[in-house]
Amino acid sequence: MNPKAPGSVVFENVRKSFGAFTAIPDLSLTIEPGTLVTLLGPSGCGKTTTLRMLAGLEHPSSGRILIGGKDVTMLPANERDVSMVFQSYALFPHMTALDNVAYGLESSGMKRKEAREKAENALSLVGLAGMGVRLPAELSGGQQQRVAVARALVVEPQVLLLDEPLSNLDARLRRRVRTDIRELQQRLGFTAVYVTHDQDEALAVSDRIIVMKDGGIAQQGAPRELYDAPASAFIADFMGEANVMPCDIIEVDGDSATIAIEGLRHKVNGRSVKRGPAQLAVRPNAITLTPRRDDSPFNGQIVHSAYLGDHVEYEVQTERGSLFVVDTTVDAALPPRTDVAIAFKDRGIAVIGG
Ligand SMILES: Nc1ncnc2c1ncn2[C@@H]1O[C@H](COP(=O)(O)OP(=O)(O)O)[C@@H](O)[C@H]1O
Ligand SMILES: [Mg+2]
């Protein structure tokens with residue numbers, strides 16, 4: 001397959017209402033050609049609605065949508081250069097895998113022989129060479145998902161849309177199929193918009209992640225940026241677990257800031273922070289616990305500890321509230337009621353606002 005130039009995607013002040021209910025109040029975003037961008041957010045935040053508007057299955061109440069620079073806002077689905085992989089696969093059960101993949105090409109007027117050649121080709125791309133004769137019911141869930149991906153790719157869209165494409169697969173297959181989708185996207189270089197509510201999946205496959213909340217964008221950036229520098233408690237907690245606690249910013253020096261929690265001082269990324277009270281997000285694995293000494297600056301007491309094979313989980317009571325701590329280094333778990341000194345590692349600590 002020889003995909004045409006991948007398209008960009010632009011939403012300009014898009015609003016979408018269903019009757020009196022506004023699902024998307026005012027959404028603007030840009031997706032660069034050839035990138036895989038994930039819309040991530042809790043159920044009901046507007047991911048599917050956004051994707052359906054891009055596919056032409058819904059139309060905005062106001063605003064504009066551009067694909068590859070072309071205004072498609074009011075174009076029907078079949079006049080847009082996009083294709084969609086649905087959560088349910090939506091394969092025709094009475095048609096073979098090959099016919100399912102060739103269907104779109106044939107119905108747009110391509111000769112049967114050529115359509116079937118292209119379909120064979122697309123099936124080999126997704127690792128299903130020779131499986132074209134099977135009916136969907138004769139394929140595993142993962143294989144059906146690949147057929148759905150092949151069917152979407154065979155028409156060589158400018159943009160591929162995937163709505164929770166792994167949610168019908170069991171946990172072990174999910175990791176495999178998400179890797180395959182990402183590898184295919186990088187190899188062929190198409191633009192992909194990927195929807196999921198699963199942050200691990202988003203971190204694993206994306207060039208960029210757009211975190212949505214209540215029909216708007218809560219934060220967007222590269223996976224690492226969102227994980228390391230969450231802009232709010234919502235993001236910190238959504239992108240993996242985080243302890244959120246009050247601190248004081250006592251010094252800002254260019255890109256670096258010093259925070260204080262009781263006697264503890266710690267340097268953090270100081271980009272766009274001011275002196276004064278703030279909230280700190282601390283990853284559970286960014287905290288170290290050692291037996292308390294007389295001069296320990298920040299202390300707590302272990303309430304629970306649980307040994308889980310490759311790590312120990314603790315709940316620690318402190319003056320700043322209860323902390324959840326994951327320790328992957330300790331050989332012997334510290335027992336409950338141990339008084340501990342609390343310190344932070346370099347990574348996994350971020351100021352999330354005042
Ligand atoms: N056809 C519709 N009619 C009325 N409300 C809808 C319709 N489609 C979606 N919604 C509502 O819009 C909001 C966003 O839905 P959706 O985009 O499906 O969220 P997500 O995919 O993030 O779970 C939800 O509150 C949902 O109930
Ligand atoms: Mg959805």
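This text follows the structure it describes.
Small disclaimer: the values here were computed from a predicted structure and weren't measured.

Enquirer: Before we go on, may I ask you to explain the environment of asparagine 269 in this structure?
Expert: Structurally, the position occupied by asparagine 269 is in strand E13 (residues 264–269). Sequence-wise, asparagine 269 and serine 256 are 13 residues apart; in three dimensions their C-alpha atoms are separated by 5.0 Å. For asparagine 269, the residues in contact, after removing those within four places along its chain, are Asp255 and Ala257.

Enquirer: Would you take a moment to explain helix H1 (residues 47–55) for this structure?
Expert: Since the α-helix packs 3.6 residues into each turn, any two residues three or four apart lie on the same face. Of all 9 residues making up H1, 7 are buried, and the element is well covered by its neighbours. Of the residues making up H1, those classed as buried are Lys47, Thr49, Thr50, Leu51, Met53, Leu54 and Ala55. Just past H1, the residue glycine 56 takes up positive phi, approximately 90°.

Enquirer: For this particular structure, what's the right way to read the site of ligand 1?
Expert: Around ligand 1, the surrounding shell consists of Phe18, Phe21, Ala23, Pro42, Ser43, Gly44, Cys45, Gly46, Lys47, Thr48 and Thr49. For ligand 1, an oxygen atom lies 3.0 Å from a polar atom in the backbone of glycine 46. Note that an oxygen atom of ligand 1 is positioned 2.8 Å from one of the side-chain N or O atoms of lysine 47. Expressed as a share of its isolated accessible area of 560 Å², the protein-covered part of ligand 1 is 59%. Elements supplying a minimum of two residues to the shell around ligand 1: strand E2 (21–31) and H1. By residue class, the composition of the shell around ligand 1 is 5 nonpolar, 5 polar and 1 charged.

Enquirer: How should the packing of aromatic side chains be read in this particular structure?
Expert: Two aromatic rings, taken as a pair, are described by how far apart their centres are and by the angle between their planes. According to the stated counting rule, one finds 2 aromatic pairs in the structure shown. Seen in terms of ring centroids, phenylalanine 92 and tyrosine 103 are 5.0 Å apart; in terms of plane orientation they differ by 65°. Their pairing is edge-to-face. Of this pair, phenylalanine 92 sits in the loop between strand E6 (82–85) and helix H2 (97–107) while tyrosine 103 sits in helix H2, and the two are 11 residues apart along the sequence. Ring geometry for phenylalanine 234 and phenylalanine 238: centres 5.6 Å apart, planes at 15°, overall stacked. Placement of the pair is phenylalanine 234 and phenylalanine 238 together in helix H8 (residues 233–238), with a separation of 4 residues, close to one helical turn. Assessed through its relative accessible area of 23%, phenylalanine 234 is described here as partly exposed. Directly above the ring of phenylalanine 234 sits lysine 213, whose terminal nitrogen or CZ lies 4.9 Å from the centroid.

Enquirer: Help me understand the sheet that holds strand E19 (residues 339–344), please; the structure alone is not making it clear to me.
Expert: Strands belonging to one sheet form pairs held by backbone hydrogen bonds; the direction of such a pair is parallel or antiparallel. Spatially, 5 strands are ordered E15-E19-E16-E17-E18 in an open sheet, and the strand pairing comes out antiparallel. The two strands at the open ends of the sheet, each matched to only one other strand, are strand E15 (287–291) and strand E18 (321–327). Averaged over all adjacent pairs, the angle separating strand axes in this sheet is 40°, with direction ignored. In this structure, strand E16 (residues 299–307) lies alongside strand E17 (residues 312–318), joined through 7 bridges in antiparallel fashion. Along E17, the bridge assignment pairs isoleucine 302 with valine 316.

Enquirer: It is not clear to me how the side chain of asparagine 100 should be interpreted in this structure. Could you clarify?
Expert: Within the element layout of this structure, asparagine 100 appears in helix H2. Leaving out residues up to four positions away in the same chain, asparagine 100 has contacts with Leu91, Phe92, Met95, Pro136, Val147 and Arg151.

Conventions used here
- Residues numbered from 1 in each chain as written.
- Chains lettered and ligands numbered in written order.
- Predicted model: local features only at pLDDT ≥ 70, side-chain atom pairs only at ≥ 80, totals over all residues.
- Heavy atoms only, no water.
- Helix = DSSP H or I, 4+ residues; strand = E, 2+ residues; numbered from the N terminus.
- Contact = heavy atoms within 4.5 Å.
- Buried < 20%, exposed > 50% of the residue type's maximum accessible area, 1.4 Å probe, protein only.
- Near = heavy atom within 4 Å.
- Polar contact = N/O pair within 3.5 Å; in protein donor to acceptor, adjacent residues only side chain to side chain.
- Areas by Shrake-Rupley, 256 points an atom, 1.4 Å probe, with all protein chains shown as cover.
- Nonpolar A, V, L, I, M, F, W, Y, C, P; charged D, E, K, R; others polar.
- Phe/Tyr/Trp six-rings, centres within 6.5 Å; stacked < 30°, edge-to-face > 60°.
- Lys NZ or Arg CZ within 6 Å of the ring centre and 35° of its normal.
- Pairing = 2+ DSSP bridges.
- Axes fitted to C-alpha atoms, helices over the stretch in contact; angles between N-to-C directions.

From the geometry alone we can't say anything about function, so treat these as descriptive.
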